[in-house]
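Structural overview for review
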Amino acid sequence: MPEQPYEPDGAIAGTGMGGAMDLAASEATTLERVPGGPLGTGPAGKPRSLWSDAWRDLRRNPVFVASALVILFLVLISIWPSLITSGNPLQCNLAKAQEGSGPGHPFGYDGQGCDVYTRTVYGARASVTVGVCATLGVAILGSVLGGLAGFFGGGWDAILSRATDIFFAIPVVLGGLVLLSVVTSNTVWPVIGFMVLLGWPQICRIARGSVITAKQNDYVQAARALGASNSRILLRHIAPNAVAPVIVVSTIALGTYIALEATLSYLGVGLKPPSVSWGIDISAASPYIRNAPHALLWPSGALAITVLAFIMLGDAVRDALDPKLR
């Protein structure tokens, strides 16, 4: 029999009887050339997944690269602040209060005579810790509750929907003023717990909608017809295809949680001295804004850059994971 012609556009192979037949997806893929194959295929000629396509787009996105470098730097100085400063954020000298920049002290001193540069560097630890831990807690709790509600539905779904409505009705800042005003701990954990308590409904609704959409696909019905258990269907087939919106929203929300921690600390109900936080420093420098604006400028600028970096990272991830934007 003569060699059949190869038609890459339609993945159609001749039958040898003057006709043609469509090949299955797996068979059509094997016809593609490995070197220099068409766009959308991997090194072995197989179609790329959503995640590989997203990573490919992210690496080529300058917004993602710039924001990721800023976040990496923030994480490094949060873990090892001694890399860029050797000072003590709690060591102050009232004789140098409100002084400007000088040798070894590029940001000057605040109203208590503390080195603004050292406190700005150490303030990144609290903000990054609160943002990352709160985001992980919100994402895990919201995804589990929303995923179970969307998968099983019924009374559990109805109860959870009403519960999310109640939590959505609570103003975040007002709730923080009420709940955190009775806390005397100087650690970040009460603030993280408060953010998880009021932040999970948003992720819950997104996870619920994604699971409801994913469980209607044909591959889920096929797995159910083959006798797969509910846990296997939820973990192996639905969760990997419903997690993308949760990742996008969680990444953007991380910057919001950092700003919320600074707001609560500024109002005196978040982190409290002797903890080092950008919100605490901004609050302490506000009365001296005319005499020592540098004490307010640097922690405010660090906070703004951090929040902007996480929001830009979330936007880049959203653009890469949203098929409608391709």
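A brief report on the enclosed structure follows. None of the values given here were measured: they were computed from a predicted structure.

Section: the pattern of salt bridges
Considering all chains together, one arrives at seven salt bridges under this definition. With its nearest N and O atoms 2.7 Å apart, the salt bridge here joins Asp157 to Arg208. In this pair, Asp157 sits in helix H5 (residues 154-168) while Arg208 sits in helix H7 (residues 189-214), placing the two residues 51 residues apart along the sequence. On the accessibility criterion, Arg208 (28% relative accessible area) is partly exposed. The salt bridge partner of Arg205 is Asp165, with a shortest N-O separation of 2.1 Å. You can see Arg205 sitting in helix H7 and its partner Asp165 sitting in helix H5, a full 40 residues away along the chain. Look at Arg205 and you get partly exposed, because its relative accessible area is 41%. Look at Asp165 and you get partly exposed, because its relative accessible area is 30%. Taken together, the shared-partner salt bridges connect Arg162, Asp165 and Arg205 into one network.

A word on the nonpolar core
Within the largest apolar cluster, 32 residues are counted, with the highest numbers of intra-cluster contacts made by Ile258, Leu303 and Leu321. Secondary-structure elements contributing two or more residues to this core are helix H2 (50-59), helix H3 (62-79), helix H4 (116-152), helix H10 (244-266), helix H11 (278-285) and helix H12 (294-321). Residue contributions to this core peak at 12 residues, all from H12. Residues within four places of Leu303 in sequence aside, it is in contact with Ile258, Ala262, Trp278 and Ile282.

Comments concerning the environment of Gly279
With respect to the element layout, Gly279 can be found in helix H11. Here the alpha-carbon distance between Gly279 and Gly268, two residues 11 residues apart in the chain, equals 8.9 Å. With sequence-adjacent residues up to four places away left out, Gly279 is seen in contact with Ala262, Ser265 and Tyr266.

Examining the packing of aromatic side chains
All told, the structure shown has five aromatic pairs when counted by the stated rule. A centroid spacing of 5.1 Å and a plane angle of 80° characterise the contact between Phe107 and Tyr117, whose relative ring orientation is edge-to-face. Residue Phe107 is found in the loop between H3 and H4, and its partner Tyr117 is found in helix H4; the two are separated by 10 residues along the sequence. With relative accessibility at 16%, the residue Phe107 sits in the buried group. With relative accessibility at 18%, the residue Tyr117 sits in the buried group.

Criteria and thresholds
- Residues numbered from 1 in each chain as written.
- Predicted model: local features only at pLDDT ≥ 70, side-chain atom pairs only at ≥ 80, totals over all residues.
- Heavy atoms only, no water.
- Salt bridge = Lys/Arg side-chain N within 4 Å of Asp/Glu carboxyl O.
- Helix = DSSP H or I, 4+ residues; strand = E, 2+ residues; numbered from the N terminus.
- Buried < 20%, exposed > 50% of the residue type's maximum accessible area, 1.4 Å probe, protein only.
- Core = buried A, V, L, I, M, F, W, Y, C linked by side-chain atoms within 4.5 Å.
- Contact = heavy atoms within 4.5 Å.
- Phe/Tyr/Trp six-rings, centres within 6.5 Å; stacked < 30°, edge-to-face > 60°.

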